[in-house]
Amino acid sequence: EDKVVQSPLSLVVHEGDTVTLNCSYEVTNFRSLLWYKQEKKAPTFLFMLTSSGIEKKSGRLSSILDKKELFSILNITATQTGDSAVYLCAVINNAGNMLTFGGGTRLMVKP
Amino acid sequence: SQTIHQWPATLVQPVGSPLSLECTVEGTSNPNLYWYRQAAGRGLQLLFYSVGIGQISSEVPQNLSASRPQDRQFILSSKKLLLSDSGFYLCAWSRTQPYEQYFGPGTRLTVT
């Protein structure tokens, strides 16, 4: 059975801190790994990673995938209160029709 | 640009009542469509996906069903709701490639 595990479960930091969120996976037919940010409602797409070692960056957020060790990290630098959310990691299979989600990391950024 | 709609936004239903949640996508054709459920404080669980009209794959056996009567319409139904059906229901769409999924605003269902 495919499995995606995220750590830590929750994290409390202060504005300006840098955080690293972890996602490890055991998936039979891996295609890509995706990161989402979920505030009060629907998850919003952040990154899709398919190749190992290539960093994806958007503003203060960046992410990288290690297909040998089967994990990905999401970094957020200079955190702001608006970064407070649940961050979800998901893995998509080769056929592209199955997204397996991790349980999420709840990040709280205090002013 | 593409948009995805879901309604209703919130719903409170008694146990044993029927359910119909609707999802529509605009701005794209022949999308893959998905229904997820998120229980309180938990991750997303894939319930159904569809790659075309009338084509539904079920991931979790339960008292829910899904239908895709039109290319950009996806419906989640139940004949008799259970208390355990409470949760946040999300519809998502993707292209056939590159496959990242985009979510609708969700329906919060409370079964009483």
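Scroll up a little and you will see the structure.
The sections below set out a description of the structure shown in this document. This is a predicted model, so every value here is computed, not measured. (Residues numbered from 1 in each chain as written. Chains lettered and ligands numbered in written order. Predicted model: local features only at pLDDT ≥ 70, side-chain atom pairs only at ≥ 80, totals over all residues. Heavy atoms only, no water.)

### What about the overall build of chain B?
Condition: The helix and strand labels rest on DSSP assignments: H or I over at least four residues marks a helix, E over at least two residues marks a strand, and numbering proceeds from the N terminus. For each residue, the accessible area found with a 1.4 Å probe, counting protein chains only, is set against the maximum for its type, and the residue is called buried under 20%, exposed over 50%, and partly exposed in between. What makes two residues a contact is simply this: any of their non-hydrogen atoms within 4.5 Å. We get accessible surface area from the Shrake-Rupley algorithm with a probe of 1.4 Å; when it comes to residues, only the shown protein chains can shield them. Positive charges are assigned to Lys and Arg, negative charges to Asp and Glu, while His and the chain termini are left out of the count. Just so you know, the charge point we use is NZ for Lys, CZ for Arg, CG for Asp and CD for Glu.
A tally of regular secondary structure across chain B gives zero helices and eleven strands. Each helix and strand of chain B, ordered N terminal to C terminal, gives the series β-β-β-β-β-β-β-β-β-β-β. By its C-alpha atoms, chain B is 40 × 25 × 20 Å across when sized along the principal axes. Across the 112 residues that make up chain B, the buried fraction comes to 47%. Across chain B, every contact between residues at least 6 apart in sequence was considered, and the portion connecting residues at least 24 apart equals 54%. Approximately 5200 Å² of chain B is accessible, and the part contributed by carbon and sulfur atoms is 52%. Charge separation in chain B, taken as the distance between the mean sites of 8 positive and 6 negative side-chain charges, equals 7 Å.

### Some thoughts on the sheet that holds strand 8 (residues 71-76) of chain A
Residue and element names in this part refer to chain A. Quick note on the threshold: What makes two strands pair is DSSP finding at least two bridges between them. Working convention: axes come from line fits to C-alpha atoms, limited for helices to the stretch in contact. Angles between N-to-C directions cover 0 to 180 degrees.
Taken in spatial order, the five strands line up as 1-3-8-7-6 in an open sheet, and their pairing is antiparallel. Either end of the sheet is taken by a strand with one partner, and the two such strands are strand 1 (3-7) and strand 6 (56-58). Between one strand and the next, the sheet's axes are offset by a mean angle of 15°, whatever the strand orientation. When strand 1 meets strand 3 (residues 19-26), the two strands line up antiparallel, connected through five bridges. From the neighbouring strand, Lys 3 faces strand 3, where its bridge partner is Glu 26.

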